[in-house]
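Remarks on the overall topology
Here is what each chain is made of, one letter per residue.
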Amino acid sequence: MHSLIETIVKPLVDFPEEVRVETDENSSRIVYKLSVHPQDRGKVIGKQGRVAKAIRTIVYSAAGGHHKKKTYVDILD
């Protein structure tokens, strides 16, 4: 899932080398924490959160059948 998120986000940003994805997992959920350069935050979120919503939709769809845990994508400040 890390590579999927990076593949989606890196072409959108000006500083692709600063894209980081961390995983926080427990028994019931997996949270992918996405951090980007501060100047790229707006590009990843998009107008009215449209880009962020699209990223989350793709990740949720890809993760849906692979495991029983709830999946989340957080964009860190």
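Please refer to the structure higher up on the page.
Nothing here was measured: the structure is a model prediction, and the numbers come from that model. (Residues numbered from 1 in each chain as written. Predicted model: local features only at pLDDT ≥ 70, side-chain atom pairs only at ≥ 80, totals over all residues. Heavy atoms only, no water.)

1. Here's the deal with the sheet that holds strand β1 (residues 20-25)
- Taken in spatial order, the 3 strands line up as β1-β2-β3 in an open sheet, and their pairing is mixed. Two strands bound the open sheet, and with one partner strand each, they are β1 and β3 (70-75). The sheet shows a mean angle of 20° between the axes of neighbouring strands, direction not considered.
- Pairing of β1 with strand β2 (residues 29-35), which is carried by 6 bridges, proceeds in the antiparallel orientation. Bridge pairing in β2 links Glu22 to Lys33.
- Lying on the sheet, helix α1 (residues 2-9) is in contact with β1 and β2; it crosses β1 at an angle near 145°. (Pairing = 2+ DSSP bridges. Helix = DSSP H or I, 4+ residues; strand = E, 2+ residues; numbered from the N terminus. Axes fitted to C-alpha atoms, helices over the stretch in contact; angles between N-to-C directions. Contact = heavy atoms within 4.5 Å.)

2. A word on the pattern of salt bridges
- Enumeration over the complete set of coordinates arrives at 3 salt bridges.
- Of the charged contacts, one joins Lys43 and Asp14 as a salt bridge, the two residues approaching to 2.3 Å between their closest N and O atoms. Note that Lys43 is positioned in helix α2 (residues 41-45) and Asp14 in the loop between α1 and β1, a separation of 29 residues in sequence.
- The exposure class assigned to Lys43 is partly exposed, which follows from its relative accessible area of 34%.
- On the accessibility criterion, Asp14 (53% relative accessible area) is exposed.
- Note that Lys69 and Glu25 form a salt bridge whose closest N and O atoms lie 2.6 Å from each other. On the criterion of sequence distance, the pair formed by Lys69 in the loop between α3 (50-64) and β3 and Glu25 in strand β1 is long-range, its members being 44 residues apart. (Salt bridge = Lys/Arg side-chain N within 4 Å of Asp/Glu carboxyl O. Buried < 20%, exposed > 50% of the residue type's maximum accessible area, 1.4 Å probe, protein only.)

3. Observations regarding the pairing of β2
- With antiparallel pairing between neighbouring strands as the criterion, β1 and β2 make up a hairpin whose turn holds 3 residues.
- In the sheet, β2 pairs with β3 via 6 bridges, with the strands oriented parallel. Within β3, the position partnered with Ile30 by the bridge is Thr71.

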